[in-house]
Amino acid sequence: MRDSATAEGTLARWALIAIAVAFLGLFLALPLLAVFSEALRKGFDAYLASFNDPDTQSSIGLTLLIAAIAVPLNLVFGVCAAWSIAKFDFPGKSLLTSLIDLPFSVSPVVSGLVYVLLFGAKGLLGPSLSDWDFKIIFAVPGVVLATVFVTFPFIARELIPLMQEQGTSEEEAALTLGASGWRTFLTVTLPNVRWALLYGVLLCNARAMGEFGAVSVVSGHIRGLTNTMPLQVEILYNEYNFVAAFAVASLLAGLALLTLVGKSFLEWRYGDGLSAVRRP
Amino acid sequence: MSVAVPSRGLPWTLAIPKPSAMPGFGITFGFALTYLSLIVLIPLAVLVARASGLGFDGIWRVATTPRVLAALEVSFVTSALAALVNAVFGMIVAWVLTRYRFPGRQVLDAAVDLPFALPTAVAGIALAALYAPNGWIGALFQPWGIRIAYTPLGIFIALVFIGLPFVVRTVQPVLQDFDREIEEASATLGATRRQTFLRVVLPALSPALLTGIALAFARAVGEYGSVIFIAGNMPFKSEIAPLLIVAKLEEYDYAGASAIATVMLAISFAALLAINLLQALSRRRLGDA
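Since we're looking at a predicted model, the values are computed, not measured.

Student: Describe the overall build of chain A, naming the residues involved and giving the relevant values.
Tutor: A tally of regular secondary structure across chain A gives 13 helices and 0 strands. Of the regular secondary structure in chain A, the N- to C-terminal order runs α-α-α-α-α-α-α-α-α-α-α-α-α. In terms of principal-axis extent, the alpha carbons of chain A reach across some 75 × 60 × 30 Å. Per-residue burial over chain A gives 55% buried out of 280 residues. Intrachain contacts of chain A at a sequence separation of at least 6 include 71% that bridge at least 24 residues. On chain A, the mean spot of the 17 positive side-chain charges and the mean spot of the 20 negative ones are 3 Å from each other.

What follows is the structure, given as structure tokens:
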């Protein structure tokens, strides 16, 4: 039975829903389930014991450190870029906006490669760096740089469209009433964009903690020193230490799930405060 | 999330803003531009300079060695197939999410973004465990003599996973805004549901669909983390181009790595450009859908 001329029959409708659910189940639910099931394969004690490994612990510490550096840097950049692009008119604006998205169209491996070409032992600045006895590639600074590169656009691209939509009239009113530029930003602009800002931070953080390809190229895989959690997953997996590999992976999967929940919550509850494409 | 829809830019001129009462242009613009240059533009320029230092002949020599050619072929063919599969199923998922109301729809909608949120290494080992001969899915195919993990089929599976959200997320908003009255008009004029879909709805969706396919394809070509665990990485069989870049770097062959990276960038930009053109054409034909 069909209820209108523009709807499919009941059978076709349920068949399509079944196909969609089966496809998403096969490609999304099953891999996620596999992570937790493999991590707990030898019981909960073995799962917990995986985190006693000092190398694993230091990889968790490094991942937190990297995110704590990369996210604030890209946050400041995102706010500055959005302020100048959304509140002012200048030639070349759309070019600047598309250049900001550039890191998304570059392969993660190439994102790492560009820094090796710059700072590696045979790179452009490599020899002078080694004169100064300062290492970037195969050291923590390289891992930070690669992470900053791949997470570069996340916050800016949430703020720019929203602030463009909001225009400048509220800020102009505050300025006319005598508020300083900084105060106008803090009391007028920031409250207007806070949910979009949080949304961008959420996505930026998820990628910063989970990046693999770019980081793998520059890190050198030095245990306890330059291994982030995703790299530790790789090392444990290649050593056939599957329970430990999936245990670390389960933390990252948990982070991904939390990110999705937070993101959906923001879209549902504060959709009006997000850029138009994020509104349900 | 990382759906980057390219926009057209004007060539650079000096950034002088039109007179405005707003403060802080100098410092915010200055910081943004400096940071963008240091983190993104200069490093990418170094890659381009390095590759152009090899000259066209040098790049060609690296790109046409049999192993590199084989890896490029594996990368581009599996990426194209994965993007096509995602086009079909992504359309169905987008359709079901926008047109039907059923319990669990919102969870399904949120879950579509999982491949963006899940670290690629985690996806990689999970897929490898599932599709290995003793895995939940691999074991089902084992009696038939079909191996999925450690073959190009495994690469294809991983690329379907990471490309999954693109078509859904580009088609969904267009479908949401699509005027149902047009479908009603088509039905009133005697079209069957199938005719209405193929001749009225699909043409209006095609620019978004093509964008989604192009983005999924471009992402798949560069993908590394989710692929290497399930690929087996056998030269000439299941070795992808990004892995070859890593291999060259490990040998400190910066020139070789830059050459492969340049070829990959050039081919995927060409693909994006071609699809953008196609999209512009279909838009013009439809009178800006």
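Text resumes after the structure shown.
Student: Give a description of the interface of chain A and chain B that names residues and reports values.
Tutor: On the chain B side, the residues contacting the 99 residues of chain A number 93 residues. The junction of chain A with chain B conceals about 8500 Å² of combined surface from both sides, 79% of it contributed by carbon and sulfur atoms. Our enumeration of links across chain A and chain B arrives at 2 salt bridges. The partner of B:Arg193 in a salt bridge is A:Glu8, with the nearest N and O atoms 2.8 Å apart. Inspection of the region where chain A meets chain B yields 10 residue pairs in polar contact (both at pLDDT 80 or more). Take the side of chain A that touches chain B: its biggest share by element is 20 residues, from helix H1 (residues 10-39) of chain A. Here the side of chain A that touches chain B is built from residues that sort into 68 nonpolar, 17 polar and 14 charged.

Student: Tell me what's going on with a nonpolar patch on the surface, and back it up with residues and numbers.
Tutor: Residues B:Leu140, B:Phe141, B:Trp144, B:Ile146 and B:Leu153 make up a contiguous nonpolar surface patch of roughly 540 Å² in combined accessible area. Overall, B:Phe141 belongs to the partly exposed group, its relative accessible area being 33%.

Student: So what's going on with the packing of helix H5 (residues 108-119) of chain A against helix H11 (residues 241-250) of chain B? Which residues, and what values?
Tutor: Relative orientation of the contacting elements H5(A) and H11(B) amounts to 25 degrees, with a least axis distance of 10 Å. It follows that H5(A) is roughly parallel to H11(B) by the angle criterion. Where H5(A) crosses over H11(B), the two elements pack in a sense that is left-handed. Across the interface between the two elements, A:Val109, A:Val110, A:Leu113 and A:Val116 of H5(A) pack against B:Pro242, B:Ile245, B:Val246 and B:Leu249 of H11(B).

Student: So, the packing of H5(A) against helix H7 (residues 140-150) of chain A: which residues are in play, and what are the values?
Tutor: Pairs of packed helices are described in terms of their axes, by the angle between the two and the distance that separates them. All names here are of chain A. Running from N to C, H5 and H7 cross one another at 135 degrees; their axes reach a closest spacing of 9 Å. Taken together, H5 and H7 sit at an angle that is classed as oblique. Handedness of the H5/H7 crossing: right-handed. Contacts between H5 and H7 pair Ser111, Tyr115 and Phe119 from the former with Leu145, Ala146, Phe149 and Val150 from the latter. Of the residues belonging to the contact of H5 with H7, the class tally is 6 nonpolar, 1 polar and no charged.

Rules behind the numbers
- Position labels on residues start from 1 in each chain and follow its written sequence.
- In the order they appear in the text, chains get letters beginning with A and ligands get numbers beginning with 1.
- The predicted nature of this model means local features are confined to residues of pLDDT at least 70 and side-chain atom pairs, given and counted, to a pLDDT of 80 or more, with totals for whole chains, interfaces and linings taken over all residues.
- Excluding hydrogens and water, the side-chain values take into account all heavy atoms of the structure.
- The helix and strand labels rest on DSSP assignments: H or I over at least four residues marks a helix, E over at least two residues marks a strand, and numbering proceeds from the N terminus.
- Any residue under 20% of the maximum accessible area for its type is buried, any over 50% is exposed, and the rest in between are partly exposed; the area is computed with a 1.4 Å probe on protein chains only.
- Contacts are residue-level and defined by heavy atoms, with any inter-residue pair within 4.5 Å sufficient.
- Positive charge is attributed to Lys and Arg, negative charge to Asp and Glu, and no charge count is given to His or to the chain ends.
- Taken as the charge location is NZ of Lys, CZ of Arg, CG of Asp or CD of Glu.
- Accessible-area loss on putting two parts together, using a 1.4 Å probe and summing over both, is the definition of buried area adopted here.
- Take a side-chain nitrogen of Lys or Arg and a carboxyl oxygen of Asp or Glu: if they are within 4 Å of each other, that pair is a salt bridge.
- Polar contacts, as used here, are pairs of N or O atoms within 3.5 Å; protein pairs need one atom able to donate a hydrogen and one able to accept it. Residues neighboring in sequence count only if both atoms are side-chain atoms.
- Amino acids are sorted into nonpolar (Ala, Val, Leu, Ile, Met, Phe, Trp, Tyr, Cys and Pro), charged (Asp, Glu, Lys and Arg) and polar (every other residue, Gly among them).
- Two distance rules govern patches: like charges are joined within 9 Å, and nonpolar side chains (Val, Leu, Ile, Met, Phe, Trp, Tyr) within 5 Å, applied only to residues with over 30% relative accessible area and no salt bridge.
- The Shrake-Rupley method, run with a 1.4 Å probe sphere, supplies the accessible areas, and residue values consider only the shown protein chains as cover.
- Axes, fitted as lines to C-alpha atoms, cover a helix only where it is in contact. Angles between the N-to-C directions of the axes lie from 0 to 180 degrees.
- Roughly parallel means an angle under 35 degrees; roughly antiparallel means over 145; roughly perpendicular covers 65 to 115; every other angle is labelled oblique.
- The crossing is said to be left-handed when, going from far helix to near helix, the turn is anticlockwise and less than a right angle, and right-handed when the turn is clockwise.

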